[in-house]
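Secondary and tertiary structure notes
Here's the letter readout for the chains.
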Amino acid sequence: MTRALLTLSVLALLTARLAAQEREIGLLPPPLYDPSPVSDAQQKLVLAGGCFWGVQGVFQHVRGVSRAVSGYAGGSETTAHYDLVSQGDTAHAEAVEITYDPKVVSLGKLLQVYFSVAHDPTQLNRQGPDQGTQYRSAIFIASSVQEETARRYIAQLSAAKAFDASIVTKLEPLSGFYPAEAYHQDYLARHPRAPYIVYNDLPKIENLKRLFPDIYRASPE
């Protein structure tokens, strides 16, 4: 097969995958419990859902998010390095620290995006092609409000049988967040044509645009 034909075949496969994922992903119901913030100050939320490139990319396109940083959570500062985390035995997960304006987007809305399009919460210790505890689905809890909102939303989705399989998302205490190496930051925005991004992460952005037009923004923060 010539290089031109091979390229066309790969593009056709990727296009089909994008279309298939768009058909499969539906909008989940919003949280019934989404309390008003006690302060108008910027808030932070740390989420893990597979490779941090895609999770960061999704939330950079959410209106009200002022910053999204790829990094590590769950383990110690001494092991918060990609080559160590990739071995899967540091207790770290690839995570994203989201800074947001609660006057524009609520905690509940961010969780709705997280469960709807940012990742698949039914995959245990993996997401797509990536396997290991570092790719687990986890919400790193920094306050009682975060814990109660997340716990109630998971219970709500489970009771509604929103997914064909059980939700495996863990609620873990946030002991620290450690930013990842510079070459991991803004990876989706800087490498939109990389095969991994096209195949695994661009469908998430398209689903965000389709399902959340009220908070989607075209230019990433």
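Everything quoted here is computed from the prediction, not taken from an experiment.

**Regarding the packing of helix α4 (residues 107-118) against helix α5 (residues 144-159)**
Packing of α4 against α5 leaves a shortest axis separation of 11 Å and a crossing angle of 45 degrees. Our classification of the angle between α4 and α5 gives oblique. With respect to the hand of their crossing, α4 and α5 are arranged in right-handed fashion. Residues L107, G108, L111, Q112 and F115 of α4 lie in contact with α5, whose contacting residues are V145, Q146, T149, A150, Y153, I154 and L157. Its residues assigned to classes, the contact of α4 with α5 comprises eight nonpolar, four polar and no charged.

**Things to note about the pattern of salt bridges**
Per the stated rule, a full pass over the model turns up eight salt bridges. In this structure, E172 engages R136 in a salt bridge whose closest nitrogen and oxygen atoms are separated by 2.8 Å. Placement of E172 in strand β7 (residues 170-173) and of R136 in the loop between β5 (130-131) and β6 (137-141) is noted, with a sequence separation of 36 residues between them. The same class applies to E172 as to R136, namely buried.

**Focus on the sheet that holds strand β1 (residues 43-49)**
Overall, mixed pairing links the six strands, which are arranged β7-β6-β1-β3-β2-β8 in an open sheet. Each edge of the open sheet is held by one strand with a lone partner, namely β7 and β8 (177-179). Between one strand axis and the next, the sheet turns by 35 degrees as a mean value, whatever way the strands run. Note: β1 against β6, four bridges, orientation antiparallel. Its bridge partner lying in β6, V46 is registered against F140. Sheet strands touched by α4: β1, β2 (65-73), β3 (93-100) and β6. Its angle to β1, the strand with the most contacts, is close to 15 degrees.

**Looking at the side chain of S116**
Among the secondary structure elements, S116 is positioned in helix α4. A distance of 3.4 Å separates a polar atom in the side chain of S116 from the backbone nitrogen of L28. Reaching out from S116, the side chain makes a polar contact with the backbone oxygen of Q112 at a distance of 2.8 Å. In contact with S116, not counting residues within four places along its chain, are I25, G26, L27, L28 and F212.

**Considerations on the nonpolar core**
Counting 45 residues, the largest nonpolar core has F59, V62, L110, V113, F115 and I139 as the members making the most contacts within it. With eight residues, the single largest contributor to this core is α4. If you look at the next biggest cluster of nonpolar residues, it comprises nine residues, including A93, A95, A138 and F140.

**Observations concerning the pairing of β2**
Counted residue by residue, β2 has seven buried out of nine residues, so it is predominantly covered. Bridging between β2 and β3 involves eight bridges; their strand directions are antiparallel. If you follow G71 over to β3, its bridge partner there is A95.

**So, α5**
With 16 residues, α5 should cover 22 Å at 1.5 Å per step; its first-to-last C-alpha distance of 22 Å lies within 8% of that length. Of the residues making up α5, those classed as buried are Q146, T149, A150, Y153, I154, Q156 and L157. In an axial view of α5, the angular spread of the buried residues amounts to 160 degrees, which keeps them on one side of the axis. The outward face of α5, more than 90 degrees from its buried face, is lined by the exposed residues S144 and A159. Buried residues belonging to α5 abut β1, α4, β6 and β7.

Cut-off values and rules
Residues numbered from 1 in each chain as written. Predicted model: local features only at pLDDT ≥ 70, side-chain atom pairs only at ≥ 80, totals over all residues. Heavy atoms only, no water. Axes fitted to C-alpha atoms, helices over the stretch in contact; angles between N-to-C directions. Helix = DSSP H or I, 4+ residues; strand = E, 2+ residues; numbered from the N terminus. Parallel < 35°, antiparallel > 145°, perpendicular 65-115°, else oblique. Left-handed = near helix turned anticlockwise from the far one by under 90°. Contact = heavy atoms within 4.5 Å. Nonpolar A, V, L, I, M, F, W, Y, C, P; charged D, E, K, R; others polar. Salt bridge = Lys/Arg side-chain N within 4 Å of Asp/Glu carboxyl O. Buried < 20%, exposed > 50% of the residue type's maximum accessible area, 1.4 Å probe, protein only. Pairing = 2+ DSSP bridges. Polar contact = N/O pair within 3.5 Å; in protein donor to acceptor, adjacent residues only side chain to side chain. Core = buried A, V, L, I, M, F, W, Y, C linked by side-chain atoms within 4.5 Å. Expected span 1.5 Å × (residues − 1). Arc of directions from axis to C-beta.

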